[in-house]
Amino acid sequence: MATVVPTALEVPEELPAVAGEELPEQVTLWQDAWRRLTRNRMAVVGLVIISVFILTALVSFVWTPYPTWRQALGPTYQGPTLIHPFGLDDFGRDMLSRVMGGAAIALGVGVGASMLASTIGIVLGLLAGFYRGKIDVVISLLINISYGVPDLLIALILVVLIGRGIQNIILAISVTAWLGMARLVRGQTLALREREFVEAARSIGTKNLKILTRHILPNALGPIVVQATYLVPAAIIFEAFLSLLGLGIPPPAPSWGSMASEGYKALQIAPHIVLVPCLALSLTVLAFNWVGDGLRDAIDPRMRR
Amino acid sequence: MDAGETLGIVGESGSGKSITALSILNLVPEPGKITGGQILFKNRDVVTMTSGDLLEYRGGDVAMIFQDPMTSLNPVLRIGFQIEEAMRAHSRFDKRQARERVIPLLERVRIPSPKQRARDFPHQFSGGMRQRAMIAMGLANEPSLLIADEPTTALDVTVQAQILELLKELNRELGTAIILISHNVAVISSLCTRVMVMYAGRVVESGPTRQVFDHPEHPYTWSLLRSVPRVDERRHERLISIKGMPPDLSRLPTGCTFHPRCQFKVERCLREEPPLVEVAADQEARCWVLMSNVSKESLAART
Amino acid sequence: MSRGTLVYATQRLLLITFTAIVVSSIVFIGIHQLPGNAIARERRINPATEQALLHHYNLDLPWPQQYAIWLGNLFHGNLGESLVNEGTQITPLLLREAKTSVTLGLAAVAVTIFVGMSLGVLAAIRQNTWVDYVASTAAVVGYSVPSFVWAFLLIILTVTGFYAWSGGQIYEDIGWGKIEQIPVPAIALGLPYAAIVARLTRASMLETIRQDYVRTAWAKGLSARVVILRHALRNALIPVATILGPLVTGIITGSVVIEFLFGIPGLGQEFVTSILSRDYNIVIGVFTFYAILIGLANLTVDLLYPVLDPRIRY
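Parameters at a glance
Residues numbered from 1 in each chain as written. Chains lettered and ligands numbered in written order. Predicted model: local features only at pLDDT ≥ 70, side-chain atom pairs only at ≥ 80, totals over all residues. Helix = DSSP H or I, 4+ residues; strand = E, 2+ residues; numbered from the N terminus. Rg over C-alpha atoms; globule rule 2.2 N^0.38 Å. Buried ≥ 20, exposed ≤ 12 C-beta atoms within 10 Å, placed from the backbone. Contact = placed C-beta atoms within 7 Å. Nonpolar A, V, L, I, M, F, W, Y, C, P; charged D, E, K, R; others polar. Axes fitted to C-alpha atoms, helices over the stretch in contact; angles between N-to-C directions. Parallel < 35°, antiparallel > 145°, perpendicular 65-115°, else oblique. Left-handed = near helix turned anticlockwise from the far one by under 90°. Expected span 1.5 Å × (residues − 1). Pairing = 2+ DSSP bridges. Right-handed = clockwise from strand over helix to strand, strands pointing away. Core = buried A, V, L, I, M, F, W, Y, C linked by C-beta atoms within 7 Å.

A. Examining the overall build of chain B more closely. For chain B, the count of helices and strands is 13 helices and ten strands. Expected size for 303 residues packed as a compact globule is a radius of gyration near 19 Å; at 21 Å, chain B falls within 12% of this value. Dimensions of chain B, computed from the C-alpha atoms along their principal axes, are close to 65 × 45 × 35 Å. Counting the 303 residues in chain B, one finds 42% classified as buried. Taking all contacts inside chain B whose residues are at least 6 apart in sequence as the whole, residues at least 24 apart take part in 61%.

Written out as structure tokens, the structure is:
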């Protein structure tokens, strides 16, 4: 066996992008990050899948091969055929149309929950980190308690209490999801508020709100974007969990989770009913995770593993 | 090298000393490779040894201690276990003997209250003690050769002297041959009977320590000696530094590898690499010029 | 175990108790602010019986008083009585179910650690070879595929696949109670987290195999297996251990779905059933149990640190 021994002469896998390649033109941090992102093969594949996903979701609002709710289009549990490439489900509904409709729900829940949770998390995280004091004590306490409770249980209780509409599902997911974002933003703010440029801004009499929005937030934006990206697939999985337990968006809405849940009963005779939405969901989650990983590496090259 | 001998390898950092040492154990770090030549130990070539023989040879016949005792011991294993493990991996001692030898070994390298100390973890040891423990580990299988790669560089001066003294004593009493690698001429001359000077991965001069350091023949050896203060030096010559940097080993200059920095180079040095030739009794050097041919006047003019 | 460790563990146990009380109090108070419960919603009963039932469960008292009684019982380990099945004591019921959930959880953790570390070590010692690429890709795919999808795939494989392949000899019986029914749900539950462990182990191993002490181990003439497992991996475990805490919380979350799908009578399934039947007493009880379980799991992980890394002392 070839011996693997420590090496002092290790050459970095890839030389850091040479700054100043395009010196006359000022390259912003974000343009630079975008360039690094598009050089990451996995991230590009992820972006392509996400584009297809978004496109499918948008198309499904105006057109699907069949209405997602139309039953008895053929024999129930029918496998893939030319007319119904993904087969029919237990009510004889067209799986392709339903998967397309499911993309719209997943997109809505994923992006909706990510945006809502991020907004709450950013605002409260900024306030806690910047003003410290009571608000910080309360938010830190909430964060610490949340470590001891599975998010899913809280969401389940909420859904039972407030109902199962898509907005309610988004709310139920965000109720716990914002804590992670708040923790991140709080940490960033705590570090940034001690930096020289914040001191400088304060010394010339800049208002607190302006310091927060012009100086602290932009500098914390990198990790925030990465975290928000990871929140999308997390929310999609979360919705599927709720649907599987029978507490997601109510039927006949074609959420991927409820499709899988319905198909579970017939897993042995018609596995395609479960596999099609599961594949769509896994592929979407994978794409977001790839882009998330790519963004993380692109925004902060030091975080490269 | 003979049994019980002490050899010093000296040279600047990046001159190939440590790689030479690791090659002796056939442990060259990737992507490095031993591409040619032989490393003979008791008439067997280390390069072509089977992996089983190699494991027995490493740490059994030849042991090695490293520069930084702070990082060279495994932080999560007890000192005693790390020594015992070295013996368990080889067939010289059985399980019971291995366990029983740990404490005498620690005693041998002068670690106080060895019985308790064997149960300590590396972070509970001082730098000097860790290097002693490393030496104990190296000696565990009574190897015929101990390679010490800059064993004192990371330690403070008084501890350095103690470690060198310990190595000297072990060589005398156990007859273990020692290869001492150092950039420090003083360290080498205090311990080693023979010395090998390396530059850019090549041996440029070798011979008995006293002789080489008193009458260096290679300009590199000469400038190396002039660049360090010597306590035993009677004449107070000016210290000089060697101009320039050691060459990149992947882009060696043509001819003699030292010529870009040599003050005494002749035209031939740029074209042809000199062979290692005997320059005096038992002393070899790799140079077209040789310091004994340089006149006193021109020497004075260049310092 | 040193004295410091004992003191530390005691403090942590007190903290866990405190957190469990806080969490269940929040849930208790929250739920009691809301209208409706199992009795009012699910049953058609005459007013007198309803009044008697409400009285039986102290539901006729103002909530602060209910809370005081509940808290008093909690200190005696008594979580009260099921609102749906009158006379069913919650504590023994949940203890029994917790045993099931813990068994499943531990099996899943074992899968996670074994699969994750094997993949991670393999990828690291074969860095930049096809083994590494396959293992690393498998890791990203692994954690993007949620546990329930693994569950479906495994069920298709074991139930349908093995049955057809063995001509009816092997029949995977989905359910709980027999030892051979543990692996499938445990693997489904553990795989996504195994992927995370694999990524971390790989990164951590790449660090440690370049360390001086690993070079020392090679120079000592130790075999590759000993060098990699005892010297490199042993040290690589230290950073990997830091995610064990969040991982346990994740596995508990996932187990709610897995228990439901496989019909495993654990805390997760109990929670789903009781929330649907609005048996709030059990819901609160499950929260309390989960808070304690997560606390204990985190404590175990923290007590593991000084074992893994002797430089850490409490």
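Here the narrative resumes.
B. Structural view of the interface of chain A and chain C. With 36 residues of chain A at the interface, the matching set in chain C holds 42 residues. Where the side of chain A that touches chain C is concerned, the elements lending two or more residues are α5 (151-162), α8 (208-244), α9 (256-264) and α10 (272-299) of chain A. The residue inventory of the side of chain A that touches chain C, partitioned by class, reads 28 nonpolar, six polar and two charged.

C. How the structure looks around the interface of chain C and chain B. Listed by partner, the interface residues are 18 residues for chain C and 24 residues for chain B. Every element with two or more residues in the side of chain C that touches chain B is listed here: α9 (212-219) and α10 (224-241) of chain C. The residue inventory of the side of chain C that touches chain B, partitioned by class, reads six nonpolar, six polar and six charged.

D. Up close: the packing of helix α6 (residues 130-144) of chain C against helix α8 (residues 183-208) of chain C. Residue and element names in this part refer to chain C. For the pair α6 and α8, interaxial distance at closest approach is 7 Å and the crossing angle is 140 degrees. Relative to α8, α6 is oriented oblique. Regarding α6 and α8, the two cross each other, and that crossing is left-handed. Residues A135, S136, A139, G142 and Y143 of α6 lie in contact with α8, whose contacting residues are L191, P192, A194, A195, I196, A198, R199 and R202. Taken together, the residues of the contact of α6 with α8 break down into nine nonpolar, two polar and two charged.

E. Seen up close, helix α4 (residues 79-88) of chain B. Residues and elements named next belong to chain B. Buried residues dominate α4, accounting for eight of its ten residues. Here α4 has its buried residues at I79, G80, Q82, I83, E84, E85, A86 and M87. Where α4 is buried, its residues meet α5 (95-108), α6 (114-117) and α7 (127-139).

F. Representation of the environment of L161 of chain A. Counting through the fold element by element, L161 of chain A comes out in helix α5. Spatially, the C-alpha atom of L161 of chain A lies 44 Å from that of V198 of chain A, the residues being 37 residues apart in sequence.

G. Fine view of unusual backbone geometry. The peptide bond linking P251 of chain A to P252 of chain A adopts the cis configuration, its omega dihedral lying at 10 degrees. Of note, P252 of chain A is situated in the loop between α8 and α9. Despite not being glycine, D282 of chain B shows a phi value in the positive range, around 70 degrees. Structurally, D282 of chain B is set in the loop between β9 (277-280) and β10 (283-285). Among the residues examined, D282 of chain B registers 12 C-beta atoms within 10 Å and is labelled exposed.

H. Representation of the packing of helix α12 (residues 267-276) of chain C against helix α13 (residues 280-308) of chain C. Residues and elements named next belong to chain C. In the contact formed by α12 and α13, the axes pass within 9 Å of each other and the chain directions differ by 155 degrees. Looking at the two axes, α12 sits roughly antiparallel to α13. Classified by chirality, the crossing of α13 by α12 is left-handed. Residues L267, E270, F271, S274 and I275 of α12 pack against I282, V283, V286, F289 and Y290 of α13. The residue makeup of the contact of α12 with α13, split by class, is eight nonpolar, one polar and one charged.

I. Helix α3 (residues 95-131) of chain A, seen in detail. All names here are of chain A. Helix length check: α3, at 37 residues, gives a terminal C-alpha distance of 52 Å against a target of 54 Å (1.5 Å per residue), a fit within 8%. Counting buried residues along α3, 27 of its 37 residues qualify, which places the element largely inside the surrounding structure. Immediately downstream of α3, the backbone of R132 shows phi near 50 degrees, a positive value.

J. Local environment of the pairing of strand β5 (residues 145-149) of chain B. Residues and elements named next belong to chain B. Within β5, five of the five residues are buried, leaving the element largely enclosed by the surrounding structure. Of the two faces of β5, the one carrying L145, I147 and D149 and the one carrying L146 and A148 are both buried. Sheet topology places β5 next to strand β6 (residues 177-182); five bridges connect them, and they run parallel. Of the residues in β6, the one forming a bridge with A148 is L180. At this point the chain moves from β5, through helix α8 (residues 157-174), to the parallel β6, and the crossover so formed is right-handed.

K. How the structure looks around the nonpolar core. Core analysis: the largest hydrophobic core is formed by 240 residues, its most contacted members being A235 of chain A, A136 of chain B together with F287 and Y290 of chain C. Top contributing element to this core by residue count: α3 of chain A, with 17 residues. Once you skip the residues sitting within four places of it in the chain, F287 of chain C turns out to touch V149 and L153 of chain A together with V23, S24 and V27 of chain C.

L. Local environment of the sheet that holds β10 of chain B. Residue and element names in this part refer to chain B. Taken together, eight strands build an open sheet; the order of strands is β4-β5-β6-β1-β7-β8-β10-β9 and the sheet is mixed. Strand pairing shows two members of the sheet lacking a second neighbour, β4 (62-65) and β9, which therefore form its edges. Averaged over all adjacent pairs, the angle separating strand axes in this sheet is 25 degrees, with direction ignored.

M. Quick peek at the pairing of β4 of chain B. All names here are of chain B. Burial along β4 is two-sided: the residues V62 and M64 and A63 and I65 are all buried. Here four bridges tie β4 to β5, and the two strands are oriented parallel to one another. By the bridge assignment for β5, I65 is matched with A148.

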